[in-house]
Amino acid sequence: MTAQRASGGLFTAGLALALALVVGFLALPMAGVLVHVGPGRLTGSFGHQVTLDALRVSLETTAIALALIVVIGTPAAYLLATRSFPGRSLIIGLIALPVVLPPAVAGLGLLVAFGPSGILGPALHSVGVELPLTMAAVVLAQAFVASPFYVGMAYAAFAAVDPTLLEAARTLGVGPVGVFWRVAVPLARRGLTAGGALAWARAVGEFGATLMFAGSFQGVTQTAPLAIYAQFGTDLPGALALGAVLLVVSVVVLAGTRVLRAW
Amino acid sequence: MKAGGLAQGVFGLVALLVVAVAWGVAGCGEGNSLRVSAAASLRSAFTRYGAMFGHTVFSFGGSDQLAAQIRAGARPQVFASANRELPDQLFAAGLVERPVPFATNRLVLAVPAHGARVSSLAQLGRPGLRIAIGAPSVPVGAYTAKVLARVGAEGQKIRANVRSQEPSVDGIVGKLTTGGADAGFLYITDVTAVHGALRAIELPRTARPAVVYAAAVVRGGEEARARQFIAGLLGGPGAAALAAAGFGPAP
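Conventions adopted
- Residues numbered from 1 in each chain as written.
- Chains lettered and ligands numbered in written order.
- Predicted model: local features only at pLDDT ≥ 70, side-chain atom pairs only at ≥ 80, totals over all residues.
- Heavy atoms only, no water.
- Core = buried A, V, L, I, M, F, W, Y, C linked by side-chain atoms within 4.5 Å.
- Buried < 20%, exposed > 50% of the residue type's maximum accessible area, 1.4 Å probe, protein only.
- Helix = DSSP H or I, 4+ residues; strand = E, 2+ residues; numbered from the N terminus.
- Salt bridge = Lys/Arg side-chain N within 4 Å of Asp/Glu carboxyl O.
- Pairing = 2+ DSSP bridges.
- Expected span 1.5 Å × (residues − 1).
- Arc of directions from axis to C-beta.
- Contact = heavy atoms within 4.5 Å.
- Buried area = accessible area lost by both parts, 1.4 Å probe.
- Phe/Tyr/Trp six-rings, centres within 6.5 Å; stacked < 30°, edge-to-face > 60°.
- pLDDT = per-residue confidence, 0-100.
- Axes fitted to C-alpha atoms, helices over the stretch in contact; angles between N-to-C directions.
- Parallel < 35°, antiparallel > 145°, perpendicular 65-115°, else oblique.
- Left-handed = near helix turned anticlockwise from the far one by under 90°.

(A) Looking closely at the nonpolar core. L42, F46, F102, F185 and Y213 of chain B are the most contacted members of the largest nonpolar core, which has 63 residues in total. Among the elements that take part in this core, strand β5 (residues 107-112) of chain B stands out by supplying five residues, more than any other. The next biggest cluster of nonpolar side chains, apart from the first, holds 25 residues, and it includes I69, Y78, V139 and A157 of chain A.

(B) Fine view of the pattern of salt bridges. Residue and element names in this part refer to chain A. Counting across every chain of the model gives 14 salt bridges over all chains. When the shortest N-O distance is used, the salt bridge between D53 and R56 registers 3.8 Å. You can see D53 and its partner R56 sitting in helix α2 (residues 49-82), three residues apart, about one turn around the helix. Overall, the relative accessible area of 34% leaves R56 in the partly exposed class. A salt bridge links R56 to E60, with the shortest nitrogen-to-oxygen separation between them at 3.4 Å.

(C) Highlighting the sheet that holds strand β11 (residues 248-249) of chain B. Residue and element names in this part refer to chain B. Spatially, six strands are ordered β2-β1-β3-β10-β4-β11 in an open sheet, and the strand pairing comes out mixed. Looking at the sheet topology across the chains shown, the edges are occupied by β2 (56-61) and β11. When strand β1 (residues 34-39) meets β2, the two strands line up parallel, connected through six bridges. The partner of R35 across the bridge, within β2, is V57.

(D) Here's a closer look at helix α4 (residues 103-114) of chain A. Residues and elements named next belong to chain A. The end-to-end C-alpha distance of α4 is 16 Å, a good match for the 16 Å that 12 residues give at a rise of 1.5 Å each. Among all positions in α4, only A106, G107, L110 and L111 are buried. All buried residues of α4 lie within an arc of 135° about the axis, which places them on one face of the element.

(E) Molecular detail of the interface of chain B and chain A. With 26 residues of chain B at the contact, the number on the chain A side is 25 residues. Taken over both partners, the interface formed by chain B and chain A buries close to 2,300 Å², and the fraction arising from carbon and sulfur atoms is 68%. Residues E130 of chain A and R130 of chain B are paired through a salt bridge, measuring 3.2 Å at the closest nitrogen-oxygen approach. Secondary-structure elements contributing two or more residues to the side of chain B that touches chain A are α1 (2-28), α3 (63-71) and β7 (162-166) of chain B. Examining the composition of the side of chain B that touches chain A, we find that eight residues originate from one element, α1 of chain B, more than from any other.

(F) Highlighting helix α5 (residues 139-150) of chain B. Across its 12 residues, α5 of chain B extends 17 Å between first and last C-alpha, which sits within 8% of the 16 Å expected from 1.5 Å per residue. Just downstream of α5 of chain B, G152 of chain B is the residue with a positive phi angle, here 70°.

(G) Molecular detail of the packing of aromatic side chains. Residues and elements named next belong to chain B. Per the stated rule, a full pass over the model turns up 17 aromatic pairs over all chains. Between F58 and F229, the aromatic rings sit 6.4 Å apart at their centres with planes inclined by 55°, giving tilted as the arrangement. Residue F58 is located in strand β2, and its partner F229 is located in helix α9 (residues 223-234); the two are separated by 171 residues in the primary sequence. Of the residues examined, F229 reaches a relative accessible area of 0% and is grouped as buried. Centre to centre, the rings of Y143 and Y187 are 6.2 Å apart; their planes meet at 70°, and the pair counts as edge-to-face. In this pair, Y143 sits in helix α5 while Y187 sits in strand β8 (residues 183-187), placing the two residues 44 residues apart along the sequence. The burial state of Y143 is the same as that of Y187; both residues are buried. Members of the aromatic cluster, each reached through a chain of ring pairs, are F46, Y49, F53, F58, F60, F102, Y143, Y187, Y213, F229 and F247.

(H) Looking closely at the confidence of the model for chain B. In this model, chain B carries a mean pLDDT of 89, and residues with pLDDT of at least 70 account for 88%. Interface scoring of the predicted complex returns ipTM 0.76; its pTM is 0.83.

(I) Seen up close, the packing of helix α6 (residues 135-159) of chain A against helix α9 (residues 189-205) of chain A. All names here are of chain A. It is the contact of α6 with α9, at a shortest axis distance of 8 Å, that shows an interaxial angle of 165°. Judged on the interaxial angle alone, α9 and α6 are roughly antiparallel. In this structure, α6 meets α9 at a crossing whose hand is right-handed. Counting all contacts with α6, which are made through Q142, V145, A146, F149, Y150, M153, A154, A157 and F158, the residues of α9 involved are G191, L192, A194, G195, G196, L198, A199, R202 and A203.

(J) Quick peek at the environment of D190 of chain B. Residue and element names in this part refer to chain B. With respect to the helices, strands and loops of the structure, D190 is situated in helix α8 (residues 188-193). According to the relative accessible area criterion, D190 is buried, its value standing at 6%. Leave out the neighbours within four places in its chain, and D190 touches S41, V169 and V173.

(K) The sheet that holds β7 of chain B, seen in detail. Residue and element names in this part refer to chain B. Here we have five strands laid out as an open sheet, ordered β7-β6-β8-β5-β9, and mixed in their pairing. Each edge of the sheet is formed by a strand with only one pairing partner; in this case those strands are β7 and β9 (198-202). In this sheet, neighbouring strand axes are inclined to one another by 35° on average, regardless of whether the strands run parallel or antiparallel. Looking at chain direction, β5 and β8 are connected through four bridges and run antiparallel.

Following this line, the structure appears as structure tokens:
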């Protein structure tokens, strides 16, 4: 009996040790960034033009990317969640793939698809569009890596809406657009908002695909993560300060989505 | 008894994890291999030299990034930079031994070998061209800034066409070979290394900056082997590999 209790205590201690390892390993780098910066240097770094330009580029590009994702992703997710058609599960799997795709592969893929010598390159060129090294390329890279987060969560949110409510609306004479816009979207709003927040956070953090496809130019294509990489060589405190800003943004987004889910 | 077995299992797992991490960390050092942090433009020459020197692992990147890693506590045994300033700064900070200049290079205008929209420096200011250069902090970008300052009013027009400031020569080569950029400033050795994908256009003699590479032994490591590696760059297999890649001899 005592032997059993002792081994039970040992087991719990083992679990606690494992958890301590996980927490320590994950928290140390994040705490390190904040401790290294300090509030004084953090506010001071907002005087640097590189930092301001990077934050502006990040805000502009991610706002456009998020708008595109929501406007196109919401009806797409609604279709996936409310109709069944051949190839539907294949499409759901395909949409989830960029979540686990290495960003470097995403960068290569975007070049091969939209670059000057890529699949759509000649067609784009003929209408006068050159994507690489432009702000539009930054938006495309962000939308590519971030949209699965939104579409996936929007799909789940629409799928969780009670179909009898949609049916009831229909029998009351609401048209299909009304059912979508006035019933399904309001009922799914929490999932849609959480998905939008996660997609935005992923877009803000985009690095590899952006560098490969859009390059890095201060004020045009140099987003905050690219500026951190560029500053690391010459201005480590500046890089850390910008890193701290992104860390705080991540905390806010995560806390916001938690609140949304509990709400 | 069953719980005891489980507890043992968890401990075994944690221990295994610790051992795996320790092993992995040791693996990063590749045992007794010489660790060399080198400018991205040295990749082909150093890879060839490393095969002859034996037991070397390389970390290639922008010289400024590699220097920043050493300042932040990374300890390769050799640091080879595409300029003299970065190793000199580390020497002044007491992090490396006195730097040794070991090679020279030549900055050129690089364009895609096929279908190039530019054939001379004079055309580089034409509106609508897309140019990729190095970031100001990386040596290739600093040399490019010197060139643009020396070509007078044309330099401003060229600057207006710059679409990307890349963290190392690798990024510039990538933008040119994928057609993302029409032209870029690279070292002649970078153009040679891609086997015909790019074409080099020589810069006017008066605009050319002096490009000198310097290497230094990083303090606190296996300094004897590091010195041996650097000695080989000045005469011997390292010097031969550098010459084969198109580098000039030390000044």
